[in-house]
Every structure is written in C-alpha cells, then in structure tokens.
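Listed here are the chains, written in short residue letters.
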Amino acid sequence: MKRTTIATSLLVALTSSAACIGTIGDEDDLPDVETPSNPTELEAPDCADVGPRAVRRLTGRQLQSSLVALFNDAAVPTTEILADPVVHGFQVDATEAVIRDLNAQQLMRQAERIATWAADEKLGELSPCQSHDEACGRQFIEQFGARAYRRAVPGSSADAYLAMFMAESSFADGAEAVISAVLQSPFFLYRTELGEDRGDGRFALTPDELASNIAFTITDAPPDEALRQAAAEGRLTTEEDVRREVQRLLQSPASDGPLAHFVEGWLEIEDLQTRAKEDPTQQYTPAVAAAMGEETRAFFRAAVREGMTFGELLTAEHTYVDPTTLGPYYGMWNLQGDGMQRAELEGTSRARGILGQGAFLARHALADTSSPVQRGVIIRERFLCQELPSPPPTVDANLPETTEPVTTRERYAQHTQDPSCTACHNLIDPIGFTFENYDAYGRHRDQENGTPIDATGSLSLPDGEEVPLDGLDTLSDHLASSERAAGCFQRYASYYAYGLDGCNPEAIVERAGANPTLEDLIVAIVTAPHFMSRRAED
C-alpha cells in the first residue's frame, strides 16, 4: 500500500527556536508577527500589563496528552521525543522549549508511525465517512484538523491537505497521509498566543487561543469538550468566563497532574524515589518513599480544591497517609479503610504543614544523615526567593570526620568555623537547625547519638531583623505570615503558568484580594492581563 511521505522541510521551520512557526499552505494563514531568532530574548512578564505575542512549543507532557486526546486512546504509539530542560525546578520554560534537527526527524517518524496505526485501527472513530472523494476528504480534514489545531483549519491549509488526500488511491491511504502531515504541523506542535488586533496596539487572544492557554496551563492537555464549546459559543471572552472555566478545571481530576508537577517542582521533591538512602533500620523503603510523594501531592491538590490559603499550606494540622505504609511509618496506627486518606496530626509527633511531610524532609537530606544546609538553602531559595552564591571552588564541602558520637548540629557547627564559609552558612544553617527533630528519612527523633536534639535557630531578614526560632513549627508559622514568602510562592506559580520568569508577584497578589485562597491566586494568574491579551512589538 503506497504511503505519502511528508517532506522534512515542513519541520525545518520548527528547529532552533522556541518562537518560530511554519505552515502547510499559505503563510498568510498566520497573523503577521515578528518572532525573535534567539529564544532567550523573550521578555519576562509584567503581570500587571499585557504580554508579548508568542508561539510556544508544547512540552513533552502536553504533546503526549494531545496525542492521547486526539485519538481518544492511551495506546497511541508514542515515544518520548521532547526532552524539556529543568529550569527553576520545572519543565515549562518557554525560552528553552525548542525543536532541534534530531527532534524534527524523530517527530516525522513518530507522525508516520501513528498515522499508520490510526489508518489501521481508528478510522471508524475519526471519520463519519469512508469514501475517497473530495466531499468526504474535506469533511475528515476539517473535523480531524480542527481538533489537532485547536482551532478551525485555515482554508489554504485545508486545500493542501485535500490535494494530498486525493493523490492517494483510497480513503485509508489518503487519511494516513493527512494524519501524518497534521501531526508534523506547527499548528499542532505549537500553542499560538497572537490574538486579534483591537486597534489600540493590543491583541486580545481569540476564544480558541484562550481555551488552549487555559487548558494547557491547568490540565497540561488540550481543551476538553466543555471548553471547546464555550469558545465556539462566545462564552470565553470575559475575565469572568475565564474564571468560571479555570475553577471548573481545578476542581476536576484533569488538573491532578499539573498540580502534582507544580508542588513537586516548587519543593524540589520530584526525584525523591531515586535518591540514595542508607537506612540501617531498613524501615525507609521504596514503598515509603512513594507514599511520601503521594502524601504531598494529595495534600496540595486538596489544599487548592478545599479553599486553603498559602499560610494554611504551611500550618495545616492534617495530612494524607495510607493505613498500611506511611501511616505506620509516622506512628499513626488507628487508620481505617484503604488508600490515601486525611489524618489529623493532633497527638502525633509530626510537624504541621507541608514542611513537616516526609517527602520534603527526606529529599532535603543526605543518604544517612539530616542536612541543615540543604534544608536551609531550600527555604531561602524556594520560600524567600533569595539566590545564594555557590561555595568557593577551593572549599571542601565535606563534613569533618569525627570519632566521637556527636550530633549533626555539632558537626555543622565545626564545619562553619571556616571564615570563607561563615557568611553564607550563617544565613543557611540556623534555618536548617529548626528541622533537626527529623532525620534523613523523615522520621521524628528527640535524640541523636544519646544527646537531646537542639532545634533552636533563627532567620535573618534583609532588613537586619533576626527572627528567633525553636523547632519546625515556629519556622512554618513565620513563613505562613510572611508577605515575602507569599510573594515568592506567587512568583513560582506565575512562572509555572507563563513559562517566563520575572513576574512581579505584587500584581497577582493584589488581583487575588485580601487573604486569598490558593485557588484565588491561580485564578488571578490566569485572568491577569498578561494571560488574556498581547501587545504589538515595539
């Protein structure tokens, strides 16, 4: 059976730039927009203003979910092609999401493989007709293409696809050729955020563009039927329309994955299960590590959906555990039922909030001992947005060997006597010491090597104030009431949504109102001018 091979030149236009686009058909199908030749030149967003017009390549997760949705089949034969770099803990960076020459070749081969599979297995679901004529071909192209493009197929592109379809000898062969071409099209592989000219130098995103922007931000997937219908019926034009759809999707299982990816990236816990651990008691197992990750994911999803605030994220007196693995590991024995479930912390030795959960504690520790440095650094960087310099290259970062049974705190106190280390470690270690009631495996302890734990510490603020701390709960309490910490969280959340760093969090916090919930903060990001409108290039 003859198959048409799509010219590789189609994908050449996609290589080497995160904001480049090519077409099948007339280039006039795209609005006239100048795209930067160097992706690192994309502007960081001012969330109080409209954003720059842009074309963003789908992430690897978004491409996979788009293929599954397009064919309504998780068995679609895909391979992992797009390796998104980790920036700020996330794989969403708009300036780094590029298609290289090798990616283009791989995408072409994958498109051809999927097209062959679809022609053999899925044509009855993809097309209401099966005749090899122009009417049936155009109907198939317009319906399949619209779902793939996430908007109507431009007329010139539809004509080019139809010519390709009619050049084959049967409906199946023609459909296979079209499917292969569509899956290589930049309209499928990229998200357009170009908008329609309002006549004042600003461009309002079209309902189709808004639907895609909302869906990929909240669900990492293309728009669902309800969102597509809202766009088609003119119910996706106002800020209130967007708010309605965002709230709907946040409450649905479709947002489970992105909410999990965000909290894992923010806390830097995604690789917990691959971290080397040397627990002499053999209690810390891969099953425990997996349950710790699910604890934090379940906790964060519930926090968003149940109206918790950023402060409550840090001070909540409950968590999520299962009765067979993590519950017993934490000393919670009176749990009923199966699976992850809400459990109150009252009467247990667990610290409150997300910082007291095993995933955070075990990930930010060494293989066999706690690490005040790792824990202090993560608080400075991910909760206070303070960048710390790397250690001098001549400094030995290893802890000094000791023949006496000393505590971790004592070993780090010796380590920081070096004058070249003192300046940074005085900012880091006193924060990390407040975690010392929890060992390298996230377990609570009152003693170490026969010595009572000293979990006192302090937090130095930029204005010179020194906040005294005594234990993890006091650190969580301070961060929960800190405007700086709330703004830092908003910065990471905005970056996750926009793929561009530098958003001024004050603009989002102001939009969210007084004492906003986590959902309010997310809605504020997605209804900000930067999300809904674009401006002409200077």
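Please refer to the structure placed before this passage.
Rules of the game
- Residues numbered from 1 in each chain as written.
- Predicted model: local features only at pLDDT ≥ 70, side-chain atom pairs only at ≥ 80, totals over all residues.
- Heavy atoms only, no water.
- Pairing = 2+ DSSP bridges.
- Helix = DSSP H or I, 4+ residues; strand = E, 2+ residues; numbered from the N terminus.
- Axes fitted to C-alpha atoms, helices over the stretch in contact; angles between N-to-C directions.
- Left-handed = near helix turned anticlockwise from the far one by under 90°.
- Contact = heavy atoms within 4.5 Å.
- Nonpolar A, V, L, I, M, F, W, Y, C, P; charged D, E, K, R; others polar.
- Disulfide = S-S within 2.5 Å.
- Buried < 20%, exposed > 50% of the residue type's maximum accessible area, 1.4 Å probe, protein only.

**Q** Which residues make up the sheet that holds strand 5 (residues 202–204), and what are the values?
**A** Ordered by their spatial adjacency, four strands build an open sheet running 1-12-5-4, and the pairing between neighbours is mixed. Looking at which strands have only one partner, the edges of the open sheet turn out to be strand 1 (51–52) and strand 4 (196–197). One ladder, built from three bridges, connects strand 5 with strand 12 (residues 533–535); its direction is antiparallel. For arginine 202, the partnering residue across the bridge sits in strand 12 and is arginine 535.

**Q** Would you mind going over the packing of helix 3 (residues 101–121) against helix 7 (residues 171–184) in detail, with residue names and values included?
**A** Put simply, helix 3 and helix 7 touch, their axes get as near as 8 Å, and they point 145° apart. Here helix 3 and helix 7 pass one another in a crossing that is right-handed. Of helix 7, the residues touching helix 3 (which contributes Leu107, Met108, Ala111, Glu112, Ile114, Ala115, Thr116, Ala118 and Ala119) are Ala172, Glu176, Ile179, Ser180, Leu183 and Gln184. Considering only residue class, the contact of helix 3 with helix 7 consists of 10 nonpolar, three polar and two charged.

**Q** I'd love a proper account of the environment of glutamine 139, names of residues and values included.
**A** Within the fold, glutamine 139 resides in helix 5 (residues 134–149). Along the chain, glutamine 139 and serine 127 lie 12 residues apart, while their C-alpha atoms are 8.0 Å from each other. In this structure glutamine 139 touches Pro128 and Cys129, once residues within four positions along its chain are discounted.

**Q** Quick one: what's the story with the state of the cysteines, residue by residue and with numbers?
**A** Following the criterion strictly, the structure yields two disulfides and no others. Disulfide pairing places cysteine 129 opposite cysteine 136 at an S-S distance of 2.0 Å. Taking the sign of the S-S torsion, 105° for the link of cysteine 129 and cysteine 136, the bridge is right-handed. Neither cysteine 129 nor cysteine 136 differs from the other in exposure class; each is buried. Disulfide pairing places cysteine 385 opposite cysteine 488 at an S-S distance of 2.1 Å. One disulfide, between cysteine 385 and cysteine 488, carries an S-S torsion of 90° and so falls in the right-handed class. In this pair, cysteine 385 is assigned in the loop between helix 17 (372–383) and helix 18 (408–415) and cysteine 488 in helix 21 (residues 483–498), connecting sequence segments 103 residues apart.

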